[in-house]
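Descriptive analysis of the structure
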Amino acid sequence: MPTLPPPLRAGRYRIAVVCLGNICRSPMAHVVLESRLADARLDDRVEVASSGTGGWHVGHPMDPRAAATLAAADYDPSRHRAQQYDTSWPTAYDVVLVMDESNLADVGGRTDRVGLFRDFDPTDPGAAVPDPYYGGDDGFEEVLAMVERTSDAIVAALADTLRTPVEGLD
């Protein structure tokens, strides 16, 4: 498993998850990751944001199928409103994790603070999170399963990262 980059501020961590329109994959990852962080009691030290590289859906709630899939699994999708990716995010966030190679190209490519969300997937590291938008409900369920297991691995990596003191950071 890869490691997370060190925090920009000691004891705090900011994660951004990014897809194309911020109505399916990245909001699902956002909601699940926040839930897993709360379960691990890291939510007071880790901030999660999500966005899309395109601006078509800015201000809209997530896709109803994504919301229904999350709600059926006891997550709360109600607070999400789509926002567009900002080019300042790689320097404002500790890590930016995108859903596929196209999103990676849209944000300027891989760096020490930008990578694929599924780089942390214990089952298929480095694979894309497929866009379920044009498919059926089963695609959203598949994405949720990927997001849950990858979020668990990210939370475990965050626990290690936040436990490790970083010299020179305040």
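Taking an unreviewed UniProt entry as the reference, the protein is identified by name as protein-tyrosine-phosphatase belonging to Nocardioides alpinus. Turning to the protein, the UniProt annotation filed under Sequence similarities (unreviewed entry) states: "Belongs to the low molecular weight phosphotyrosine protein phosphatase family."

Remarks on the packing of aromatic side chains
Summed over the entire model, instances satisfying the criterion amount to three aromatic pairs. Consider the rings of tryptophan 89 and tyrosine 93, whose centres lie 4.8 Å apart with planes at 45 degrees: the pair is tilted. Summarising the burial analysis for this pair, tryptophan 89 and tyrosine 93 share the class buried. Lying over the aromatic face of tyrosine 93, arginine 14 brings its terminal NZ or CZ to 4.0 Å of the ring centre. Sitting above the plane of the tyrosine 133 ring, arginine 65 keeps its charged end 5.5 Å from the centroid.

Notes on the nonpolar core
By size, the foremost hydrophobic cluster in this structure holds 39 residues, and its most contacted members are Ile15, Val46, Phe117 and Leu158. The element best represented in this core is helix H5 (residues 137–163), accounting for eleven residues. Ranked by size, the runner-up nonpolar core spans twelve residues in total, among them Tyr85, Tyr93, Val98 and Leu104.

What counts and what doesn't
Residues numbered from 1 in each chain as written. Predicted model: local features only at pLDDT ≥ 70, side-chain atom pairs only at ≥ 80, totals over all residues. Heavy atoms only, no water. UniProt positions renumbered as here; feature names shortened; annotations may be inferred. Phe/Tyr/Trp six-rings, centres within 6.5 Å; stacked < 30°, edge-to-face > 60°. Buried < 20%, exposed > 50% of the residue type's maximum accessible area, 1.4 Å probe, protein only. Lys NZ or Arg CZ within 6 Å of the ring centre and 35° of its normal. Core = buried A, V, L, I, M, F, W, Y, C linked by side-chain atoms within 4.5 Å. Helix = DSSP H or I, 4+ residues; strand = E, 2+ residues; numbered from the N terminus.

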